Amino acid sequence: MQLQQLFSPSVQHTLDVIGIFVFAISGALLAVRKNFDVFGIAVLAEVTALGGGLFRDVIIGAVPPAAFTDLGYFFTPLFAALVVFFLHPHVERIQSAVLVFDAAGLGLFSVSGTTKAYSYGLNLTASATLGLATAVGGGVLRDVLANEVPSLLRWDRDLYAVPAIVGATMVVLCIHYDVLTSFTSGLAVVTAFVLRLLAMRFHWRAPRAWNRRSTVSEE
């Protein structure tokens, strides 16, 4: 099966838009907490939702990136920013639901990013790396623009990159053994999604340096 045939174009587009919307919500909410104006809210929403995909597309030479050729991708974060601008107290109250959808987007983008990178001729390791970048890149850019240490790098945050790495690794293993289908790629999405949910539920965190002797205060 060709990689482009894993999902129908309409299904892939719908999944992408849902993931983009949820990622944009998280960016817009951080902008509100930082007391940004409406422009800042829109920028953080766009960067969070599209940053990882833009990075991947530029690296693999898929230009112009999909974010600029499909208006649905571009305007979805703006709609999310508008929702948060007017309804952020209500959105904050369903933050747990937003985090669940964010976990789903993480799994989806780690898989779709990996398959797209491989379809453009990258090797398996590079493809998995770009799958990870697709899933977490927007969040890193969001935190940098908001003048925060990226959540990806903080020891006191529940595992985020690891589930994406697992999803991307499952995809490249399926490619290597020629068993990548819509079922196995869906299984990779679900695995990354469930790992992220479990990490949030049980507060799983990555280990720090062995025998650590840092004088830096913990926040």
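These numbers were taken from a predicted model, which means no experiment stands behind them.

## A short note on the packing of helix α1 (residues 9-33) against helix α4 (residues 71-93)
Point 1. One can describe the packing of α1 onto α4 by two numbers: an axis separation of 8 Å at closest approach and a directional angle of 50°. The angle between the axes of α1 and α4 places the two elements in the oblique class. For α1 against α4, the interelement crossing comes out right-handed. Across the interface between the two elements, H13, D16, V17, I20, F21, A24, I25, A28, L29, V32 and R33 of α1 pack against Y73, T76, P77, F79, A80, A81, V84, H88, V91 and E92 of α4.
Point 2. Among the residues making up the contact of α1 with α4, the classes are represented as 15 nonpolar, three polar and three charged.

## A short note on the packing of aromatic side chains
Point 1. Under the criterion given, the structure shown has five aromatic pairs.
Point 2. For R201, the ring lying beneath its charged end belongs to F202, and the centroid distance is 5.1 Å.
Point 3. Of note, R208 hangs over the ring of W155, and the distance from its end group to the ring centre comes to 3.9 Å.

## A few points about the side chain of D16
Point 1. Relative to the elements of secondary structure, D16 occurs in helix α1.
Point 2. No salt bridge is formed by the buried D16. Its closest oppositely charged neighbour is R56, at 6.9 Å.
Point 3. Beyond its immediate sequence surroundings of up to four residues, D16 is in contact with Y73, L108 and F109.

## Regarding empty space enclosed by the protein
Point 1. The final tally for this structure, using the stated rule, is one cavity of 30 Å³ or more.
Point 2. What the largest cavity holds in volume is close to 40 Å³.
Point 3. In this structure, the largest cavity is lined by F23, S26, T48, D102, A135, G139, R142 and Y160.
Point 4. Only α1 and α6 (124-145) provide two or more residues apiece to the lining of the largest cavity.
Point 5. By residue number, the principal contributor to the lining of the largest cavity is α6, which donates three residues.

## Observations regarding α6
Point 1. Counted at 1.5 Å a residue, the expected span for α6 with its 22 residues is 32 Å, and the 31 Å between its end C-alpha atoms agrees.
Point 2. Taking the largest bend as the criterion, α6 deviates by roughly 50°, centred on V136.
Point 3. Within two residues after α6, N147 carries a phi angle of roughly 60°, on the positive side.

## Observations regarding unusual backbone geometry
Point 1. Cis rather than trans, the peptide bond between V63 and P64 has omega equal to -5°.
Point 2. Considering the arrangement of structural elements, one finds P64 in the loop between α2 (38-60) and α3 (66-69).

## Things to note about the UniProt feature "transmembrane region" (unreviewed entry) in the protein
Point 1. What UniProt calls "transmembrane region" (unreviewed entry) maps, in this numbering, to residues 12-32, 39-59, 71-87, 94-111, 117-138, 159-179 and 185-204.
Point 2. The span residues 12-32 is 100% helical and 0% strand by assignment, and the distance between its end C-alpha atoms comes to 30 Å.
Point 3. Here residues 117-138 is 82% helix and 0% strand, with 17 Å between the C-alpha atoms at its ends.

## Some details on the layout of surface pockets
Point 1. What the second largest pocket holds in volume is close to 580 Å³.
Point 2. L99, R142, S151, R157 and R196 are the residues nearest the centre of the second largest pocket, which is lined by 23 residues in total.
Point 3. Of all elements in the fold, only α1, α5 (95-119), α6 and α8 (182-202) reach the threshold of two or more residues within the lining of the second largest pocket.
Point 4. Partitioning the lining of the second largest pocket into residue classes produces nine nonpolar, four polar and 10 charged.

## Comments concerning the UniProt feature "domain: Glycine transporter" (unreviewed entry) in the protein
Point 1. Residues annotated in UniProt with the feature "domain: Glycine transporter" (unreviewed entry) correspond here to residues 14-88 and 100-174.
Point 2. Helix makes up 87% of residues 14-88 and strand 0%, with an end-to-end C-alpha separation of 24 Å.
Point 3. Within the segment residues 100-174, helix and strand shares are 75% and 0% respectively, and the terminal C-alpha atoms sit 26 Å apart.

Rules used in this analysis
- Residues numbered from 1 in each chain as written.
- Predicted model: local features only at pLDDT ≥ 70, side-chain atom pairs only at ≥ 80, totals over all residues.
- Heavy atoms only, no water.
- Axes fitted to C-alpha atoms, helices over the stretch in contact; angles between N-to-C directions.
- Helix = DSSP H or I, 4+ residues; strand = E, 2+ residues; numbered from the N terminus.
- Parallel < 35°, antiparallel > 145°, perpendicular 65-115°, else oblique.
- Left-handed = near helix turned anticlockwise from the far one by under 90°.
- Contact = heavy atoms within 4.5 Å.
- Nonpolar A, V, L, I, M, F, W, Y, C, P; charged D, E, K, R; others polar.
- Phe/Tyr/Trp six-rings, centres within 6.5 Å; stacked < 30°, edge-to-face > 60°.
- Lys NZ or Arg CZ within 6 Å of the ring centre and 35° of its normal.
- Buried < 20%, exposed > 50% of the residue type's maximum accessible area, 1.4 Å probe, protein only.
- Lys, Arg positive; Asp, Glu negative; His and termini not counted.
- Salt bridge = Lys/Arg side-chain N within 4 Å of Asp/Glu carboxyl O.
- 1 Å grid on protein atoms, 1.4 Å probe; cavity = no way out; pocket = protein on both sides within 12 Å on 5 of 7 lines; lining within 4 Å.
- Points joined across faces, edges and corners; volume = space filled by probe spheres on them.
- Expected span 1.5 Å × (residues − 1).
- Bend = angle between axes of the 7 residues up to and from the residue.
- UniProt positions renumbered as here; feature names shortened; annotations may be inferred.

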